[in-house]
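Report on the structure
Below are the chains, spelled out letter by letter.
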Protein chains: 2
Amino acid sequence: MEDGTSAPPGHSGVTTPRGDLFNPACPTRQLLDRIGTKWVAMIVKTLAESGELRYAELKRRTPGISAKMLAQTLRGLENDHLVVRRVEPTVPPAVSYSLTPLGQSLDQPLAALRDWAETHMPEINRAARP
Amino acid sequence: MEDGTSAPPGHSGVTTPRGDLFNPACPTRQLLDRIGTKWVAMIVKTLAESGELRYAELKRRTPGISAKMLAQTLRGLENDHLVVRRVEPTVPPAVSYSLTPLGQSLDQPLAALRDWAETHMPEINRAARP
DNA sequence: CGGGATCCCCAATGATACTG
DNA sequence: CAGTATCATTGGGGATCCCG
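As the structure is a prediction and not an experimental result, all values here were calculated from the model.

**So, the relation of the copies chain A and chain B**
Superposing chain A onto chain B takes a rotation of 180° combined with a translation of 0.0 Å along the rotation axis, leaving an RMSD of 0.1 Å. Taken together, these values place the two copies in the relation of a two-fold axis. Relative to the rotation axis, the closest C-alpha in chain A is found at A:Gly36, a distance of 2.2 Å. Interface overlap between copies is the fraction of interface residues in one copy that are interface residues in the other; for chain A against chain B it reaches 96%, indicating a shared surface.

Spelled out as structure tokens, the structure:
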């Protein structure tokens, strides 16, 4: 998987210069798929509004999500440095999640997308097709 | 666009008022999942920039997509009234796709998301995890 | 309480072949 | 050229059990 796109001259070009969405080898694609899901949209919004929430509370505020998906999604967001996990060493343990500054910056474009979806939903109103 | 933000009177209240992303029964969720994919992001961008393109050309400009996925994705966009399909009755037939005004309006929030992904890719740089 | 491990099933996706 | 139909594969995601 050589990234022969536009490696900066004189720079050890292992890193991708910038996001080239159209380069199949570019992780930007996968990133987009990761942050484009409904779960991410919901969780980021919830955290953006509430600041910090515990696992159970987050689950309660995300109707329909399974425990597995929540944990999995949170892990992904953590790996991408969009969310920070804070553990309180009590018994039983209490774990809280909140957005990093980067995560907060993501909320803006995501909000635009959410808003678009909510706004234009009526006129799209896909008539359920099998 | 004066869809009432409330369910139609006299109708079984199954319908969702407006975008309530947090209502599991709301199609806004599914919509979000549909427009959040990388293929949609790429195709919408390409069409937004080029105006109208034929199937083969669109495929050429979307590296990595299969014929099936392209057709499928275009169908979805068509069903959502984001893309229009124009057929010229020649032999062999020529089919072109372009964005509807609604589709063009989607390009804006999507562009924000693409831009965010491309911009912050470097600092995320998820260290490949097996 | 938070979440890792496991099993299992269906839907999404790719590859190939065929048609209007 | 622009798809559709069919088949095979996979892995996403729910349910369940268990552990720190």
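**Focus on the sheet that holds strand β2 (residues 83-88) of chain B**
Residues and elements named next belong to chain B. Pairing in this open sheet of 3 strands is antiparallel, and the strands run β1-β3-β2 from one edge to the other. Whereas interior strands pair on both sides, the edge strands pair on one side only; in this sheet they are β1 (52-54) and β2. When the angles between neighbouring strand axes are averaged without regard to direction, this sheet yields 30°. Two strands pair when backbone bridges link them, and β2 and strand β3 (residues 94-99) are joined in this way by 6 bridges, in the antiparallel orientation. For Val87, the partnering residue across the bridge sits in β3 and is Val95. Of the strands in this sheet, β1, β2 and β3 touch helix α2 (residues 38-50), which is tilted by about 95° from β3.

**Side note on the protein's contact with DNA strand C**
The local shell around DNA strand C holds 15 residues, among which A:Tyr55, A:Arg75, A:Tyr97, B:Lys68 and B:Met69 are the closest. Near-protein atoms of DNA strand C (within 4 Å) split between backbone and bases, with sugar and phosphate holding 70%. At 3.1 Å, a side-chain N or O of A:Arg85 approaches a phosphate oxygen of DNA strand C. Looking at the surface near DNA strand C, the elements that each hand over two or more residues are α3 (55-60), α4 (67-79) and β3 (94-99) of chain A together with α4 (67-79) of chain B. Per-element accounting of the surface near DNA strand C gives the leading share, 3 residues, to α4(B).

**As for the packing of α2(B) against helix α5 (residues 101-124) of chain B**
Residue and element names in this part refer to chain B. Taken N-terminus to C-terminus, the directions of α2 and α5 make an angle of 120°; their axes are 9 Å apart at the nearest point. With respect to α5, the axis of α2 lies oblique. Read as a crossing pair, α2 and α5 show a hand that is left-handed. Judged by residue contacts, Val40, Ala41, Val44, Lys45 and Ala48 of α2 engage Gly103, Leu106, Asp107, Leu110, Arg114 and Glu118 from α5. Looking at side-chain class alone, the contact of α2 with α5 contains 6 nonpolar, 1 polar and 4 charged residues.

**Focus on unusual backbone geometry**
Looking along the chain, the bond that leaves A:Val91 and enters A:Pro92 is cis, with omega of -5°. Here A:Pro92 is to be found in the loop between β2 (83-88) and β3. Positive phi, normally seen in glycine, also occurs at B:His81, with a value near 60°. Looking at where B:His81 falls in the secondary structure, it is placed in the loop between α4 and β2.

**Some words on the interface of chain A and chain B**
The partner chain B presents 50 residues to the 49 residues of chain A that form the contact. Taking both partners together, chain A and chain B bury about 4,700 Å²; carbon and sulfur atoms supply 67% of that area. Connecting chain A to chain B are 2 salt bridges. With a closest N to O distance of 3.1 Å, A:Asp33 and B:Lys38 form a salt bridge. Counting across the interface, chain A meets chain B through 4 residue pairs in polar contact (both at pLDDT 80 or more). At the level of secondary structure, the elements contributing two or more residues to the side of chain A that touches chain B comprise α1 (27-35), α2 (38-50), α4 and α5 (101-124) of chain A. It is α5(A) that contributes the most residues to the side of chain A that touches chain B, 18 residues altogether. Of the residues assigned to the side of chain A that touches chain B, the class counts are 23 nonpolar, 12 polar and 14 charged.

Analysis parameters
- Residues numbered from 1 in each chain as written.
- Chains lettered and ligands numbered in written order.
- Predicted model: local features only at pLDDT ≥ 70, side-chain atom pairs only at ≥ 80, totals over all residues.
- Heavy atoms only, no water.
- Least-squares fit on C-alpha atoms with pLDDT ≥ 70 in both.
- Contact = heavy atoms within 4.5 Å.
- Pairing = 2+ DSSP bridges.
- Helix = DSSP H or I, 4+ residues; strand = E, 2+ residues; numbered from the N terminus.
- Axes fitted to C-alpha atoms, helices over the stretch in contact; angles between N-to-C directions.
- Near = heavy atom within 4 Å.
- Polar contact = N/O pair within 3.5 Å; in protein donor to acceptor, adjacent residues only side chain to side chain.
- Parallel < 35°, antiparallel > 145°, perpendicular 65-115°, else oblique.
- Left-handed = near helix turned anticlockwise from the far one by under 90°.
- Nonpolar A, V, L, I, M, F, W, Y, C, P; charged D, E, K, R; others polar.
- Buried area = accessible area lost by both parts, 1.4 Å probe.
- Salt bridge = Lys/Arg side-chain N within 4 Å of Asp/Glu carboxyl O.

Honestly, that's just the spatial picture; any functional story needs more than this.
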